[in-house]
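Understanding the architecture of this molecule
Take a look at the letters that make up each chain.
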Amino acid sequence: MADTNTLKFGDHDYPVMSGSVGPQVVDIRKLYSETGMFTYDPGFTSTASCESALTYIDGDEGVLLHRGYPIGQLAEQSSFMEVSYLLLNGELPSKGELDEFTHTITRHTMLHEQLATFYRGFRRDAHPMAIMCGVVGALSAFYHDSTDINDPRQRMIASHRLIAKMPTIAAMAYKYSVGQPFLYPDNSLSYTGNFLRMTFGVPAEPYHVNPIVERALDRIFILHADHEQNASTSTVRLAGSSGANPFACIAAGIACLWGPAHGGANEAALNMLREIGTPDRIPEFIARAKDKNDPFRLMGFGHRVYKNYDPRATVMQKTVREVFDALKVNDPVFEVALQLEHMALNDPYFIEKKLFPNVDFYSGVILSAIGFPTTMFTALFALARTVGWVAQWNEMISDPAQKIGRPRQLYTGPTQRDYVEIGKR
Ligand code: ACO
């Protein structure tokens, strides 16, 4: 029995801690020393790995807050640069602070020239995420003056460098895959406009940034900026807990994000919508998703944490319409998506299991309309999530309670036995 402030286990009381909002947590740090037991929680579904003041999610209510601000308000009214400042510094910037931050990020967008030759070591058909992992990991070899993690100033410089250079790195990965020359950043453009130009522009002619596409992509970046202690963020924190340099930690996060269960789902959702092709085939796919003997799932539906409409999907749906109108795209995939969503949301199977569209349901549709190949989708996610990763990493390093991450296990292997010489086995 637990009283209001402790959870009783055997003869021991374990303090119950409260955050500013959200579930309370039981402090079991002394559990092993007092009882000789570990807790067992594969997938960490019931484990708070850290204290954090960055992002709050209420999956039942469909709420996502960054530093207290609802994601819908940020996506509608803010910019990716402003959200980046907010995540890193805790408060929305004044006009002067935002200008200075934007100026700093803009002046860090170029890569060391030698890195261009680094790209040439990759095969042309390399996946952009393979290139991103390699190049970001290699940054520590180029920027020695920002790898001392105990110096807050060096940490901030490394954070600025990573946020600033990710668009350049991602755009170069794309350019390399299509055999076009790399474009240097253009400091007269916005963060997102510059990325669009480096990706889709060519040196032979001027590139005009479409403001609606620029706004839509900036919004996608905002929607992906941070998401609490997800797999890639936890990877960054775990890598950083050993004192590894920030570039190596973010490369670890990129590697984790690459997996289809994490960053790769929007590509799968788009492929599924294309496979459905026309609205008349939707019932067939819904029936398959409900069939226990069929492994097929509606991609872009359901979420480990959200058991309500993913608040990011609401913004995405609106953005698809804007982009399609602006680019005069007439792709049946959007109609299929809208009708599929409508039918699923009215189907008892999806209602009972609380399966709603997630952020990935519409993001692939938008990115494809803008012109990105599917292999770039996860690279764009990595670009946007970098600010969340560096903000979480900074928070961890500044936390006096921080220690190296070292989970324990329930051992089920053989007990001690004697070595047998090879001829006697
Ligand atoms: N289509 C059909 N049925 C589904 C779906 C789906 N997309 N998602 C879950 N279900 C069913 C499961 O079959 C299960 O049914 P059961 O209770 O009869 O066995 C029930 O709903 C619960 O599903 P779980 O997989 O146990 O739920 P979990 O929270 O572990 O999974 C996940 C969440 C992995 C996202 C799942 O919903 C899924 O596979 N969705 C499709 C992939 C996807 O869109 N991933 C993107 C996630 S968002 C992101 O990472 C940015």
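Some points on the packing of aromatic side chains
Applying the stated rule across the entire model yields 19 aromatic pairs. Their ring planes at 85° and their centres at 5.6 Å tell us that tyrosine 85 and phenylalanine 101 sit as a pair that is edge-to-face. Note that tyrosine 85 is positioned in helix α3 (residues 80-89) and phenylalanine 101 in helix α4 (residues 95-106), a separation of 16 residues in sequence. Accessibility expressed as a relative area gives 5% for phenylalanine 101, which makes it buried. Here phenylalanine 301 and phenylalanine 350 contribute two aromatic rings whose centre-to-centre distance is 5.8 Å and whose plane-to-plane angle is 70°, an arrangement assigned as edge-to-face. Of this pair, phenylalanine 301 sits in the loop between α13 (282-290) and α14 (311-327) while phenylalanine 350 is found in helix α16 (residues 348-352), placing the two residues 49 residues apart along the sequence. Note on phenylalanine 301: relative accessible area 11%, which makes it buried. Judged by its relative accessible area of 3%, phenylalanine 350 falls in the buried class. One aromatic cluster in this structure is built from Phe80, Tyr174, Tyr191, Phe195, Phe200, Phe221 and Phe372. Seen from the ring of tyrosine 176, arginine 124 lies directly overhead, with NZ or CZ sitting 4.1 Å from the centre. Note that arginine 288 overlies the ring of phenylalanine 296, its terminal NZ or CZ placed 4.6 Å from the centroid.

Quick look at the side chain of histidine 66
Positionally, histidine 66 belongs in strand β5 (residues 63-66). A distance of 2.9 Å separates the side chain of histidine 66 from the side chain of threonine 55, its partner in a polar contact. Setting aside its immediate chain neighbours within four residues, histidine 66 contacts Leu54, Thr55, Ile71, Leu74, Leu86, Leu87, Ile222 and Asp226.

Concerning a nonpolar patch on the surface
A surface patch of nonpolar side chains, amounting to about 200 Å² of accessible area, comprises Leu7, Val26 and Ile28. Tracing the backbone through its elements, the reader meets valine 26 in strand β3 (residues 25-26). When its relative accessible area of 35% is taken as the criterion, valine 26 is described as partly exposed.

Focus: the pairing of strand β4 (residues 55-58)
Summarising the sheet, β4 and β5 pair through 4 bridges and their orientation is antiparallel. From the neighbouring strand, aspartate 58 faces β5, where its bridge partner is valine 63. The antiparallel hairpin formed by β4 and β5 contains 4 residues in its connecting segment, where glycine 62 sits at a positive phi of about 70°.

Remarks on the site of the ligand
Taken together, 19 residues lie around the ligand, and Lys292, Arg297, Leu298, Gly300 and Lys353 are the ones closest in. Across the complex, the protein chains shield 71% of the 940 Å² of accessible surface that the ligand would expose by itself.

Here's the deal with the nonpolar core
Residues Ile254 and Phe372 are the most contacted members of the largest nonpolar core, which totals 112 residues. In terms of residues, this core owes the most to one element, helix α18 (residues 377-398), which gives 14 residues. If near-sequence neighbours (up to four positions away) are discounted, isoleucine 254 is found in contact with Met129, Met132, Cys133, Val136, Met166, Ala382 and Trp389.

A short note on the sheet that holds strand β2 (residues 12-17)
Backbone hydrogen bonds are what pair the strands of a sheet, in a parallel or an antiparallel way. Strand order in the open sheet made by the 3 strands is β1-β2-β3, with antiparallel pairing throughout. Edge positions in the sheet fall to β1 (6-9) and β3, since each has one partner strand and no second. Across 4 bridges, the pairing between β1 and β2 is antiparallel. When the bridges of β2 are listed, phenylalanine 9 appears paired with histidine 12.

Side note on the packing of helix α9 (residues 211-223) against α14
Where α9 meets α14, the axes come as close as 9 Å, and the angle between the chain directions of the two elements is 165°. Accordingly, the angle class assigned to the pair α9 and α14 is roughly antiparallel. In this structure, α9 crosses over α14, and the sense of that crossing is left-handed. Across the interface between the two elements, Ile212, Val213, Ala216, Arg219, Ile220 and Leu223 of α9 pack against Arg312, Val315, Met316, Thr319, Glu322, Val323, Ala326 and Leu327 of α14. Of the residues contributing to the contact of α9 with α14, the split by class is 10 nonpolar, 1 polar and 3 charged.

Quick word on the sheet that holds β5
What the 3 strands build is an open sheet, ordered β4-β5-β6; its pairing is antiparallel. Looking at the sheet topology across the chains shown, the edges are occupied by β4 and β6 (69-70).

Some details on unusual backbone geometry
Within the chain, glutamate 228 stands out as a residue other than glycine whose phi angle is a positive 60°. Structurally, the position occupied by glutamate 228 is in the loop between α9 and α10 (231-241). The partly exposed category is assigned to glutamate 228, whose relative accessible area is 29%. A positive phi angle, near 50°, is found at lysine 328, a position not held by glycine.

Structural notes on helix α8 (residues 191-200)
Across the 10 residues that make up α8, a large majority, 9, are buried. Within α8, burial applies to Tyr191, Thr192, Gly193, Asn194, Phe195, Leu196, Arg197, Met198 and Thr199.

Some thoughts on the environment of glutamate 214
By secondary structure assignment, the location of glutamate 214 is in helix α9. In this structure glutamate 214 comes out as partly exposed when scored by relative accessible area, which is 21%. Glutamate 214 sits 156 residues away from isoleucine 370 along the chain, and the two C-alpha atoms are 9.7 Å apart.

Reading the values: rules and limits
- Residues numbered from 1 in each chain as written.
- Predicted model: local features only at pLDDT ≥ 70, side-chain atom pairs only at ≥ 80, totals over all residues.
- Heavy atoms only, no water.
- Phe/Tyr/Trp six-rings, centres within 6.5 Å; stacked < 30°, edge-to-face > 60°.
- Helix = DSSP H or I, 4+ residues; strand = E, 2+ residues; numbered from the N terminus.
- Buried < 20%, exposed > 50% of the residue type's maximum accessible area, 1.4 Å probe, protein only.
- Lys NZ or Arg CZ within 6 Å of the ring centre and 35° of its normal.
- Polar contact = N/O pair within 3.5 Å; in protein donor to acceptor, adjacent residues only side chain to side chain.
- Contact = heavy atoms within 4.5 Å.
- Patch = residues over 30% accessible without salt bridge, like charges linked within 9 Å, V, L, I, M, F, W, Y side chains within 5 Å.
- Areas by Shrake-Rupley, 256 points an atom, 1.4 Å probe, with all protein chains shown as cover.
- Salt bridge = Lys/Arg side-chain N within 4 Å of Asp/Glu carboxyl O.
- Pairing = 2+ DSSP bridges.
- Near = heavy atom within 4 Å.
- Core = buried A, V, L, I, M, F, W, Y, C linked by side-chain atoms within 4.5 Å.
- Axes fitted to C-alpha atoms, helices over the stretch in contact; angles between N-to-C directions.
- Parallel < 35°, antiparallel > 145°, perpendicular 65-115°, else oblique.
- Left-handed = near helix turned anticlockwise from the far one by under 90°.
- Nonpolar A, V, L, I, M, F, W, Y, C, P; charged D, E, K, R; others polar.

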